[in-house]
Amino acid sequence: MASLFKKKTVDDVIKEQSKELRGTQRQITRDRSALEKQEKQMEAEIRKMAKSGNKEACKILAKQLVQLRKQKNRTYAVSSKVTSMSTQTKVMNSQMKMAGAMASTAKTMQAVNKKMDPQKTLKTMQDFQKENMKMDMTEDMINDTLDEIFDDSGDEEESQDIVNQVLDEIGIEISGKMVRAPAAGKSLPSAASSKQATISDDEIERQLRALGVD
């Protein structure tokens, strides 16, 4: 009983109208099919009367055929109108739903704006920025402390060992190259050899006497 006195919503009304329009469209289609069937029968009757030479009957049937075809064409016009009404109903339903959604969204935005206090929001953002700066400073202090701890530990020695290992590898490579290169000391004459290569004055005088030069 409660459902009988329930107030219909817009959706309920639109559904009922759409149902009625669909029923009307089906009825129009059935009427058109009946008219098309009747049209074929009348054309056959006219051909029959023409073969028998009954001109008066042909004229009467021809007039009826013209009226029948006009009525059939009207069904197309009515069908088109019903289709247009159904489309308009669907469009109106969509627009009403969209308007309802916009109204609901507007109410939600109004409620949110009432709840939001610009001063409180600004203070919250400032507090966040302040705490974020504190966190950055604390992180820097912790990192500095950890660096000092690690510098005082054996990690420095381990790091130096790694550096020495790398330098040794480089040194081995350089040494390998230097082995193939000529030694700088070998390319230059030593002081002793330079002294040996120098001819003394006594030796010069001896060679001159041997040549008969005083």
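Calculation rules
- Residues numbered from 1 in each chain as written.
- Predicted model: local features only at pLDDT ≥ 70, side-chain atom pairs only at ≥ 80, totals over all residues.
- Heavy atoms only, no water.
- Helix = DSSP H or I, 4+ residues; strand = E, 2+ residues; numbered from the N terminus.
- Buried < 20%, exposed > 50% of the residue type's maximum accessible area, 1.4 Å probe, protein only.
- Contact = heavy atoms within 4.5 Å.
- Areas by Shrake-Rupley, 256 points an atom, 1.4 Å probe, with all protein chains shown as cover.
- UniProt positions renumbered as here; feature names shortened; annotations may be inferred.
- Expected span 1.5 Å × (residues − 1).
- Polar contact = N/O pair within 3.5 Å; in protein donor to acceptor, adjacent residues only side chain to side chain.
- Core = buried A, V, L, I, M, F, W, Y, C linked by side-chain atoms within 4.5 Å.
- Patch = residues over 30% accessible without salt bridge, like charges linked within 9 Å, V, L, I, M, F, W, Y side chains within 5 Å.
- Salt bridge = Lys/Arg side-chain N within 4 Å of Asp/Glu carboxyl O.
- Lys, Arg positive; Asp, Glu negative; His and termini not counted.
- Charge placed at Lys NZ, Arg CZ, Asp CG, Glu CD.

- As annotated in an unreviewed UniProt entry, the protein chain carries the name Charged multivesicular body protein 2b and is attributed to Pagothenia borchgrevinki.

As for the overall build of the protein chain
Then, number 1: When you go through the protein chain residue by residue, the secondary structure sums to seven helices and zero strands.
Then, number 2: The N-to-C order of helical and strand elements in the protein chain reads α-α-α-α-α-α-α.
Then, number 3: Buried residues in the protein chain amount to 11% of all 214 residues.
Then, number 4: Within the protein chain, counting contacts between residues at least 6 apart in sequence, those at least 24 apart form 71% of the total.
Then, number 5: Here the protein chain displays about 18800 Å² of accessible surface, and carbon together with sulfur accounts for 58% of that area.

What about the UniProt feature "coiled-coil region" (unreviewed entry) in the protein chain?
Then, number 1: UniProt marks residues 21-55 with the feature "coiled-coil region" (unreviewed entry), using the numbering shown here.
Then, number 2: Helix and strand shares over residues 21-55 are 94% and 0% respectively, and the end C-alpha atoms of the span are 44 Å apart.

Points about helix α2 (residues 55-115)
Then, number 1: In this model α2 runs 90 Å from its N-terminal to its C-terminal C-alpha over 61 residues, within 8% of the 90 Å that 1.5 Å per residue would give.
Then, number 2: Tucked into the core, α2 has its buried residues touching α1 (10-52).
Then, number 3: Between the side-chain oxygen of the N-cap and the backbone nitrogen of A57 there are 3.2 Å, and the N-cap of α2 in question is N54.

Re the nonpolar core
Then, number 1: In terms of nonpolar packing, the biggest core is built from nine residues, these being L35, M42, I46, M49, A57, C58, L61, L65 and L68.
Then, number 2: If you list the elements that add at least two residues to this core, you get α1 and α2.
Then, number 3: Ranked by residue count, the leading element in this core is α2, at five residues.
Then, number 4: With residues near it in sequence (within four places) discarded, L35 still touches L68, Q71, K72 and T75.

Structural notes on a positive patch on the surface
Then, number 1: A contiguous patch of positive charge, built from K19, R22, R26, R30 and K90, is present on the exposed surface.
Then, number 2: Locating K19 in the fold gives a position in helix α1.
Then, number 3: Owing to a relative accessible area of 60%, K19 belongs among the exposed residues under this scheme.

Thoughts on the side chain of K72
Then, number 1: Note that K72 resides in helix α2.
Then, number 2: With sequence-adjacent residues up to four places away left out, K72 is seen in contact with R32, L35, E36 and E39.

As for the pattern of salt bridges
Then, number 1: In this structure the tally under the stated criterion is five salt bridges.
Then, number 2: Taking the shortest distance from any N to any O, the salt bridge between E39 and R69 comes out at 2.8 Å. A residue pair is termed long-range when its members are at least 10 positions apart, and E39 in helix α1 and R69 in helix α2 qualify at 30 residues.
Then, number 3: The class for E39 is buried, based on a relative accessible area of 10%.
Then, number 4: Classification of R69 by relative accessible area gives partly exposed; the value is 35%.
Then, number 5: Between K134 and E131 there is a salt bridge, with the nearest N and O atoms lying 3.7 Å from each other.

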